[in-house]
Amino acid sequence: MAISFEHVSYTYQAGTPMATSAVSDVSFAVPDHGYLAIIGHTGSGKSTLIQQLNALLKPTAGEITVDNFTITPKTTNADLKPLRQHVGMVFQFPENQLFEETVRQDIAFGPKNFGMAEADANKLADAMLQTVGLDSSYAERSPFELSGGQMRRVAIAGVLAMRPKVLILDEPTAGLDPQGRQEMMTLFERLHREQGLAIVLVTHQMEDVVQYAEQVAVMRDGRLVKFGTPAEVFSSEKWLRENQLDMPQAAQVAQRLANRGLAWDALPLTADQLADQLAARWPRKGGTHV
Amino acid sequence: MENIIEVKHLTYRYQADDPRPALNDVSFTVHAGEWLAIVGHNGSGKSTLAKSLDGLLPFTTGEITVGGIQLTPETVWQVREKIGMIFQNPDNQFVGATVEDDVAFGLENRQMPRTEMLPRVKAAIARVGMSEFAQREPSSLSGGQKQRVALAGIVAIAPDVLILDEATSMLDPQGRREMLALVRELRQTQHLTVISITHDIDEATIADRVLVIDDGQLVDEAAPATIFAQGERLVELGLDLPFTEKLKAALRQRGIEPPADYQGAAEMEEWLWQSLSNT
């Protein structure tokens, strides 16, 4: 298992009268090279949950395993450097954390900080720039004269330069235009498929969940209320409504047709799945369609 | 219909020697009471346009008239009285230490007497459903609540025109829906003209009319249904495809020819149902 949570709880300001529980008794497991989406309302505990994956927050109770690393309430800060290299964290609006004079310096900052020679770090920075879809002409530019979408790519290149095996993404497409969103999600999909990175994606975009995720965790009031494949999680309209979650749009159309009497093999979750099932039962007029 | 805004041959360059103007000979009108959406991809010039309307960018070529007043350096404050703006990132627009102070700020700026101001601020905050948060620090609120406070500021000032500059793009889906519902409601009760600059297909759908900006130029102007029927071109213009258009493309790939007109979800469902029952 790449990632596992065993009875993990997190309480802010634990042991004080201000103590607030943010995550209670969460257990789940993600296989090697998995792609997990975490969904749930603002304030449901999603961000608290993922910040424990590289021990920015240490669990108040329970145990987290990430590949060969174990994080418990007793984990000390001295042990964390290799873990933080292993687990890359892309926060919301990561472009706010850019600070160097040039794009190359910004991307090379992390590796240099971890002891890499400057020349090697710069070479790595140029390679990462290419990975995120920006050509080498950007290397010498100031990150602050780039567009919002480009700045975000640079910030992500900086995380990738640490060569993480697990990538945590907290609403990575928020505030981007549709094309920028699409390009960003395709980039993560490629890293997942080609380099085997395990991905943990926190998102409100149900369309992205059904398109990319292999497993889905649903958080509510600090608890894990559902865990399974997208098909399992989106199977009940009633349950989703009770939990104030949106159904993917394909599933909404399919559900309305089901309400009129159409029986689906399995509820379609994407436009392609819906079109496949529609095509299979489409009335044939002299075999004009495949 | 009366025009609340008229824009004629507006050209704007960020640098005087810029070979590609950010806005290039843009002309259009906004009718009083209308909801106009302005769409375009990042960098197309749509935010530059919004800022020009409010006199935030000093344009050199062209003419802007708001509520019958021609925008000049002399009239810019008169014009701003007529326009309220809400930006993408609510954190960049708060000045007050509490929600109440923040909503009062715009009125203080207009030198309204305190006795008149206080009830007006309270009423505006109540109008957007934020009364229980009146004494809270704006920074402690969620994104959706912050934009509500920004809307309360608009209600207090009661401008003729509300410009939303990607004001819902940082909100979660529920926050976005709630904010749009509130703007719709305010538009009715406060007789607002709404200009929304957006990538969000649902937000564009609410509009009476959509303007498409590309590379600083106005390239299209039509009702939402006409714009949305353009399929893949929408992506180039910086909009997402409506789901019904995505489904139509997927059906075409499978040899099924759907109607060419734009269809909302209900029409699409009806067409699918009819086609499938037609065996």
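What counts, and at which threshold
- Numbering of residues starts from 1 in every chain and runs along the sequence as written.
- Working convention: letters from A go to chains and numbers from 1 go to ligands, in the order in which they are written.
- In keeping with the model being predicted, local features are shown solely for residues with a pLDDT of at least 70 and side-chain atom pairs are shown and tallied solely at 80 or more, while totals for entire chains, interfaces and linings include all residues.
- Values reported for side chains reflect all heavy atoms of the structure, with hydrogen atoms and water molecules removed beforehand.
- Working definition: helices are DSSP H or I runs of at least four residues, strands are E runs of at least two. Numbering for both runs from the N terminus.
- A radius of gyration in this sense is built from C-alpha atoms; the matching globule rule multiplies 2.2 Å by the number of residues raised to 0.38.
- Residue exposure (1.4 Å probe, protein chains only): buried if accessible area is under 20% of the type maximum, exposed if over 50%, otherwise partly exposed.
- Here a residue-residue contact requires only that any non-hydrogen atoms of the pair lie within 4.5 Å.
- Shrake-Rupley sampling with a 1.4 Å probe provides the accessible areas, and residues are treated as covered by the protein chains on show and by no other component.
- Positive charge is attributed to Lys and Arg, negative charge to Asp and Glu, and no charge count is given to His or to the chain ends.
- A charged residue contributes its charge at one atom only: NZ of Lys, CZ of Arg, CG of Asp or CD of Glu.
- Between the N-to-C directions of two axes lies an angle of 0 to 180 degrees, each axis being a line fitted to C-alpha atoms and, for a helix, fitted only over the stretch in contact.
- Angles are sorted into four bins: roughly parallel if under 35 degrees, roughly antiparallel if over 145, roughly perpendicular if 65 to 115, and oblique for all others.
- Each crossing gets its handedness from the near helix: less than a right angle anticlockwise from the far helix is left-handed, clockwise is right-handed.
- Amino acids outside the nonpolar list (Ala, Val, Leu, Ile, Met, Phe, Trp, Tyr, Cys, Pro) and the charged list (Asp, Glu, Lys, Arg) are all regarded as polar, and Gly is one of them.
- Each domain's limits were defined by an automated method or a database of domain assignments.
- Buried area: the accessible area, evaluated with a 1.4 Å probe, that two parts lose upon being put together, summed over both parts.
- Basic side-chain nitrogens of Lys or Arg form a salt bridge, by our definition, when they fall within 4 Å of a carboxyl oxygen of Asp or Glu.
- Two N or O atoms count as a polar contact when they lie within 3.5 Å, although within protein this holds only if one can serve as hydrogen donor and the other as acceptor, and sequence-adjacent residues are included solely when both atoms are side-chain atoms.
- We call a set of buried Ala, Val, Leu, Ile, Met, Phe, Trp, Tyr and Cys residues a nonpolar core when their side-chain atoms join them within 4.5 Å.

**Student:** What is the right way to look at the overall build of chain B in this model?
**Tutor:** Assigned secondary structure in chain B consists of 11 helices and 10 strands. Taken over the C-alpha trace, chain B has a radius of gyration of 21 Å; the compact-globule value for 279 residues is 19 Å, and the two agree within 12%. Seen along its three principal axes, the alpha-carbon backbone of chain B occupies a region of about 70 × 50 × 35 Å. The 279 residues of chain B split such that 53% are buried. Summarising the internal contacts of chain B: among those between residues at least 6 apart in sequence, 62% fall at separations of at least 24. Total accessible area on chain B stands at roughly 12500 Å², and carbon and sulfur atoms take up 48% of it. Treating the 25 positive side-chain charges of chain B as one cloud and the 41 negative ones as another, the clouds have centres 3 Å apart.

**Student:** What am I meant to see in the packing of helix H5 (residues 148–160) of chain A against helix H6 (residues 178–195) of chain A here?
**Tutor:** Each pair of packed helices can be summarised by the angle the axes make with each other and by the distance between the axes. Residues and elements named next belong to chain A. Contact pair H5 / H6: the axes reach a minimum separation of 12 Å and the direction vectors enclose 15°. Here H5 lies roughly parallel to H6, going by the angle between them. In this structure, the crossing between H5 and H6 has a hand that is right-handed. Of H6, the residues touching H5 (which contributes Gly-149, Arg-152, Arg-153, Ile-156 and Leu-160) are Glu-183, Met-184, Leu-187, Phe-188 and Leu-191. Tallied by class, the residues present in the contact of H5 with H6 amount to 6 nonpolar, 1 polar and 3 charged.

**Student:** Please explain the domain arrangement of chain B as it appears in this structure.
**Tutor:** By convention, interface size is frequently given as the accessible area that disappears when the constituent parts associate. All names here are of chain B. Taken as a whole, chain B is organised into domain 1 (3–241) and domain 2 (242–278). With centres defined by C-alpha atoms, the gap from domain 1 to domain 2 works out at 34 Å. Every contact between the two is made by 8 residues of domain 1 and, on the other side, 7 residues of domain 2. Buried area between domain 1 and domain 2, both sides added, is near 600 Å², and the carbon and sulfur share of it is 67%. For domain 1, the biggest contributors to the area lost against domain 2 are Phe-228, Ala-229 and Leu-241; these three give 66% of the whole. One can count 1 salt bridge joining domain 1 with domain 2. A salt bridge links Asp-240 to Lys-246; the shortest N-O distance between them is 3.9 Å. One can count 0 residue pairs in polar contact (both at pLDDT 80 or more) joining domain 1 with domain 2. Counted by class, the side of domain 1 that touches domain 2 contains 6 nonpolar, 1 polar and 1 charged residues.

**Student:** Before we go on, may I ask you to explain the side chain of A:Arg152 in this structure?
**Tutor:** All names here are of chain A. Positionally, Arg-152 belongs in helix H5. The exposure class assigned to Arg-152 is buried, which follows from its relative accessible area of 2%. Those residues within four positions of Arg-152 in sequence are excluded, and the remaining contacts are Phe-93, Pro-94, Glu-95, Glu-171, Pro-172, Thr-173, Ala-174, Leu-176 and Met-184.

**Student:** Is there a simple way to explain the nonpolar core in this structure?
**Tutor:** Grouped burial of nonpolar side chains is what soluble globular proteins tend to show. Ranked by size, the top nonpolar core spans 52 residues in total, and within it A:Ile107, A:Leu167, A:Phe188 and A:Phe234 carry the most contacts. Residues within four places of A:Phe188 in sequence aside, it is in contact with A:Tyr35, A:Ile156, A:Leu167, A:Leu169, A:Pro172 and A:Ile199. The next biggest cluster of nonpolar side chains, apart from the first, holds 51 residues, and it includes B:Phe94, B:Val103, B:Leu171 and B:Ile206.

**Student:** What's the story with the interface of chain A and chain B in this structure? I'm lost.
**Tutor:** Facing the 31 residues of chain A at the interface are 33 residues of chain B. Scanning the region where chain A abuts chain B turns up 7 salt bridges. A:Asp272 is the partner of B:Arg254 in a salt bridge, and the nearest nitrogen-oxygen pair spans 3.3 Å. Where chain A meets chain B, there are 9 residue pairs in polar contact (both at pLDDT 80 or more). Listing elements by their share of the side of chain A that touches chain B, those giving two or more residues are H6, helix H10 (249–259) and helix H11 (271–281) of chain A.

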